[in-house]
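What the coordinates show
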Amino acid sequence: MKHIAILGSTGSIGTQTLAIVREQKDIKVWALTAGKNIKLLERQIREFQPKLAAVWEEADAVKLRENVRDLPVQVVSGMEGLLAAAVIPQAEILVTAVVGMIGLRPTVAAIQAKKTIALANKETLVTAGHLIMPLAEEYGAPILPVDSEHSAIFQSLNGEAGNKIHKILLTASGGPFRGKTREELMDVQVEDALKHPNWSMGKKITIDSATMVNKGLEVMEAKWLFGTDLDRIQVVVQPQSVIHSMVEYEDGSIMAQLGTPDMRLPIQYALYYPMRRPLSGKRLDFFALGNISFEEPDIRTFDGLRLAYEAAGRGGNMPTIFNAANERAVAKFLDRKIKFLEITQLIQECMKNCAYIEHPNVDEILETENTVYEWIESRW
């Protein structure tokens, strides 16, 4: 029997995690958290019977408490609620499926409580990898990647202990605008950017895929997860989203993980690692697929990827500046306040103008996020 807690249970990763719980029938959910979607959270509470549930706003917690007063569940709120869910004693695995830097403190707390971290909150490593990875080693807390690409790399490394990595080949679909020029992207609308060709994801990550900022964030994450230099992480566009990523070893051999674009696979792999379990759904049919193609990423058009390498190379709080600027820029684009190409323009301006800190601690990382938000609101 597996015992888990989920941060962000009403989002894309959270709901797919619960779909696995529903199918496998040998996972007990002890804690669920959500942002504002208390209607869905209530349905999840009734189905999965957690001991603890958390929402961000206390006003929403009051409503939820009233709605589930017939159930033996404690409803809490705010960062204290997230922290309580992260360290709930009965859970051995914490699925961090929240979006944004809000996941940083709960992940730190869970590591200190020696939980296994099923990591889908990429911002944790992007902004604080220099703190998180040593902390996880100190407390003996395994970090298992849930992103499809990092799970693929993790799987390609299995059985290769002691063998030197020559290169990580991080694949990308290219998003909905693959092959477009900057001129063609001048006036794209929100609806266009949300039409991902292969994956079904939340709005924020779908926009990040369209700008290829998401791939830049994944490069930063891979650097910390696998202890690899940036110049050994190469992004390869693989439009069919069949090869989820690859590892090249020093003898030239390349190991790849392939499968249909289904996020349940890496989620389930993290929950049951090192065991594989049956999973319903479509299987990869090579005859129907016909071919697998590869392209070099267009970093002139999609300059978010170039800026991500620049931020990661500088280190310090620069990845936090990059990430925070992108979060606010995507929100503004979704609200139709800026144009698509202005997302990366805004990121670049923040990287030029926000104060650099070489070795930031957690408080300084969170302060940097607020500084970026304030800078953007004062000028955009």
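Here we summarise the structure given alongside this text. (Residues numbered from 1 in each chain as written. Predicted model: local features only at pLDDT ≥ 70, side-chain atom pairs only at ≥ 80, totals over all residues. Heavy atoms only, no water.)

Focus: the overall build of the protein chain
Looking only at helices and strands, one finds 16 helices and eleven strands in the protein chain. Expected size for 380 residues packed as a compact globule is a radius of gyration near 21 Å; at 20 Å, the protein chain falls within 12% of this value. Pairs at least 24 residues apart make up 68% of the contacts formed inside the protein chain by residues separated by at least 6 positions. Accessible area of the protein chain: about 16,700 Å², with a carbon and sulfur share of 51%. Separation of charge centres in the protein chain, based on 42 positive and 48 negative side chains, amounts to 5 Å. (Helix = DSSP H or I, 4+ residues; strand = E, 2+ residues; numbered from the N terminus. Rg over C-alpha atoms; globule rule 2.2 N^0.38 Å. Contact = heavy atoms within 4.5 Å. Areas by Shrake-Rupley, 256 points an atom, 1.4 Å probe, with all protein chains shown as cover. Lys, Arg positive; Asp, Glu negative; His and termini not counted. Charge placed at Lys NZ, Arg CZ, Asp CG, Glu CD.)

A short note on the side chain of Thr-96
Relative to the helices and strands, Thr-96 resides in strand S5 (residues 93-96). If we ignore the near neighbours within four places in the chain, the residues touching Thr-96 are Leu-7, Thr-107, Ile-117, Ala-118, Leu-119, Ala-120 and Asn-121.

A word on the environment of Leu-279
Mapped onto the fold, Leu-279 is located in the loop between helix H11 (264-272) and helix H12 (286-289). A residue is classified by how much of its surface remains accessible, and Leu-279, at 13% relative accessible area, is buried. Spatially, the C-alpha atoms of Leu-279 and His-166 are 32 Å apart, while their sequence positions differ by 113 residues. When sequence neighbours within four positions are dropped, the list of residues in contact with Leu-279 reads Glu-23, Arg-264, Leu-265 and Gln-268. (Buried < 20%, exposed > 50% of the residue type's maximum accessible area, 1.4 Å probe, protein only.)

Concerning the environment of Glu-80
As for its position among the elements, Glu-80 is in helix H4 (residues 78-86). Taking relative accessible area as the criterion, Glu-80 reaches 61% and is therefore assigned exposed. In the structure, Glu-80 is positioned 98 residues away from Arg-178 in sequence and 42 Å away in space, judged by C-alpha atoms.

As for the side chain of Gln-16
When you line up the elements, Gln-16 lands in helix H1 (residues 12-24). Note on Gln-16: relative accessible area 17%, which makes it buried.

With respect to the sheet that holds strand S7 (residues 143-145)
Reading across the sheet, the seven strands line up as S4-S3-S2-S1-S5-S6-S7 and stay open at both edges, with parallel pairing between neighbours. Looking along the sheet, the strands with just one partner apiece sit at the ends: strand S4 (74-77) and S7. Ignoring which end each strand starts from, the neighbouring axes of this sheet average 25° apart. When S5 meets strand S6 (residues 116-119), the two strands line up parallel, connected through four bridges. Looking at the pairing, Ile-93 lines up with Thr-116 of S6. With respect to the sheet, helix H3 (residues 58-67) is in contact with strand S3 (52-55) and S4, its orientation differing from that of S4 by roughly 170°. (Pairing = 2+ DSSP bridges. Axes fitted to C-alpha atoms, helices over the stretch in contact; angles between N-to-C directions.)

Focus on the nonpolar core
Within the largest apolar cluster, 120 residues are counted, with the highest numbers of intra-cluster contacts made by Leu-271, Phe-322, Phe-340, Ile-343 and Cys-350. Looking at this core element by element, the count peaks at eight residues for helix H14 (residues 318-334). With near-sequence residues (within four places) excluded, Phe-340 lies in contact with Phe-177, Leu-185, Val-188, Ala-193, Ala-210, Thr-211 and Phe-333. (Core = buried A, V, L, I, M, F, W, Y, C linked by side-chain atoms within 4.5 Å.)

Some thoughts on helix H2 (residues 38-48)
For H2, the set of buried residues is Ile-38, Leu-40, Leu-41, Glu-42, Gln-44, Ile-45 and Phe-48. One or two positions beyond H2, positive phi appears at Gln-49, with a value near 55°.

A look at the packing of aromatic side chains
Following the criterion strictly, the structure yields five aromatic pairs and no others. Summarising the aromatic geometry, the rings of Phe-177 and Phe-340 are spaced 5.1 Å apart at their centres and angled 80° between planes, so their arrangement reads as edge-to-face. Of this pair, Phe-177 sits in the loop between strand S8 (165-172) and helix H8 (190-193) while Phe-340 sits in the loop between H14 and helix H15 (342-353); the two residues are 163 residues apart in sequence, bridging distant segments of the chain. Both residues of the pair, Phe-177 and Phe-340, count as buried. Members of the aromatic cluster, connected to one another through ring pairs, are Phe-154, Tyr-269 and Tyr-273. Sitting over the ring of Trp-30, Lys-28 keeps its end group 5.2 Å from the ring centre. In this structure, Arg-328 packs its charged tip against the face of Tyr-373, placed 3.8 Å from the ring centre. (Phe/Tyr/Trp six-rings, centres within 6.5 Å; stacked < 30°, edge-to-face > 60°. Lys NZ or Arg CZ within 6 Å of the ring centre and 35° of its normal.)

Some details on the pairing of S3
Neither face of S3 is left uncovered, since the one carrying Leu-52 and Ala-54 and the one carrying Ala-53 and Val-55 both have all their residues buried. Bridge count between strand S2 (residues 27-33) and S3: three bridges; the pairing is parallel. Within S3, the position partnered with Thr-33 by the bridge is Ala-54. Of the pairings in the sheet, the one linking S3 to S4 comprises four bridges and is parallel in character. Looking at the pairing, Ala-54 lines up with Val-76 of S4. Since S3 and S4 lie parallel, the crossover through H3 that links them has a hand, and here it is right-handed. (Right-handed = clockwise from strand over helix to strand, strands pointing away.)

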